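Observations on chain architecture
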Amino acid sequence: FQQQEDRRRADRRADAPTLKMEDSWSDAPDDAWSYAAREALTERVATLDARRLRHVLIVVFGDAPMRPHDEFTVDFESLDDRVCDVLDAYLDAAGGAVERAFVDARVAVG
């Protein structure tokens, strides 16, 4: 049974869009989202499962068409601080609050 579940998880991951992250942040002192904060956000996003990763892509790119095996690059350096705030709040959500947090994130970024 465990092998079947592992295979299903692998299949779901294989169908998920791929997210490539840019690591060209600047350390501007007046930036609310510093290099370290953006790097931490990137690391948190990198650990997400396929469903939550898709949510992040929708928050960042809006309703751009996404197909299995598509590849997206998110340049966390160029993300607006407000988008970083919204992503941070979404990533803090756990359990059943994830879906509500996704809806809130969509509303927040438009």
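Details of the structure are given in the entry above.
Reference entry: report on the structure contained in this document. Computed from a predicted model, the values in this text were never measured in an experiment.

So, unusual backbone geometry
Across the chain, the bulk of peptide bonds are trans and the bulk of non-glycine residues have phi less than zero. Look at H69: it is not a glycine, yet its phi comes out positive at around 75°. Within the fold, H69 resides in the loop between α3 (50–61) and β2 (71–75).

Focus: the packing of aromatic side chains
Across all of its chains, the model carries 2 aromatic pairs by this definition. Centre to centre, the rings of F61 and F72 are 5.5 Å apart; their planes meet at 35°, and the pair counts as tilted. One end of the pair, F61, is in helix α3; the other, F72, is in strand β2, and 11 residues separate them in sequence. Of the residues examined, F61 reaches a relative accessible area of 32% and is grouped as partly exposed. Judged by relative accessible area, which is 11%, F72 ranks as buried. Taking 6.4 Å as the distance between ring centres and 65° as the angle between the ring planes, the aromatic pair formed by Y90 and F102 counts as edge-to-face. Here the residue Y90 occupies a position in helix α4 (residues 81–92), and F102 occupies one in helix α5 (residues 97–109), the gap between them amounting to 12 residues. The two residues Y90 and F102 agree in class, both being buried. Across the ring face of Y90, the terminal group of R52 is positioned such that the distance to the ring centre comes to 4.6 Å.

Describing the side chain of D70
In this fold, D70 is placed in the loop between α3 and β2. In this structure the side chain of D70 is engaged in a polar contact, spanning 2.8 Å, whose partner is the backbone nitrogen of R67.

Re the pattern of salt bridges
Any two side chains of opposite charge can pair if their charged atoms end up close together. The final tally for this structure, using the stated rule, is 7 salt bridges. For R44, the salt bridge is made with D92, and the minimal N-O distance between the two is 2.8 Å. One end of the pair, R44, is in helix α2 (residues 35–46); the other, D92, is in helix α4, with 48 residues separating them in the sequence. D104 is the salt-bridge partner of R100, the closest N and O atoms lying 2.7 Å from each other. With R100 and D104 both in helix α5 and 4 residues apart, this pair spans about one turn of that helix. Relative accessible area serves as the criterion here: at 51%, R100 is assigned to the exposed category.

Cut-off values and rules
Here the residue numbers are simple positions, counted from 1 along each chain's written sequence. Predicted model: local features are reported for residues with pLDDT of at least 70 only, side-chain atom pairs are reported and counted for 80 or more only, and whole-chain, interface and lining totals are derived from all residues. Each side-chain value is derived from all of the structure's non-hydrogen atoms; neither hydrogens nor water enter the calculation. Elements are defined by DSSP. Helices are runs of H or I of four residues or more, strands are runs of E of two residues or more, and each kind is numbered from the N terminus. In summary, the pairing rule links any two rings of Phe, Tyr or Trp, Trp by its six-membered ring, whose centres are within 6.5 Å, and it sorts them by plane angle into stacked for under 30 degrees, edge-to-face for over 60 and tilted for everything else. A 1.4 Å probe rolled over the protein chains alone gives each residue an accessible area, and that area as a share of the maximum for its type sets the label: buried under 20%, exposed over 50%, partly exposed in between. Comment: the charge-over-ring label is applied if NZ (Lys) or CZ (Arg) is within 6 Å of the ring centre and within 35 degrees of the ring normal. Any pair of nitrogen or oxygen atoms within 3.5 Å is treated as a polar contact; in protein, a donor-acceptor pairing is required on top of that, and neighbouring residues in sequence qualify only through side-chain atoms on both sides. Salt bridge, as used here, is a side-chain nitrogen of Lys or Arg placed within 4 Å of a carboxyl oxygen of Asp or Glu.

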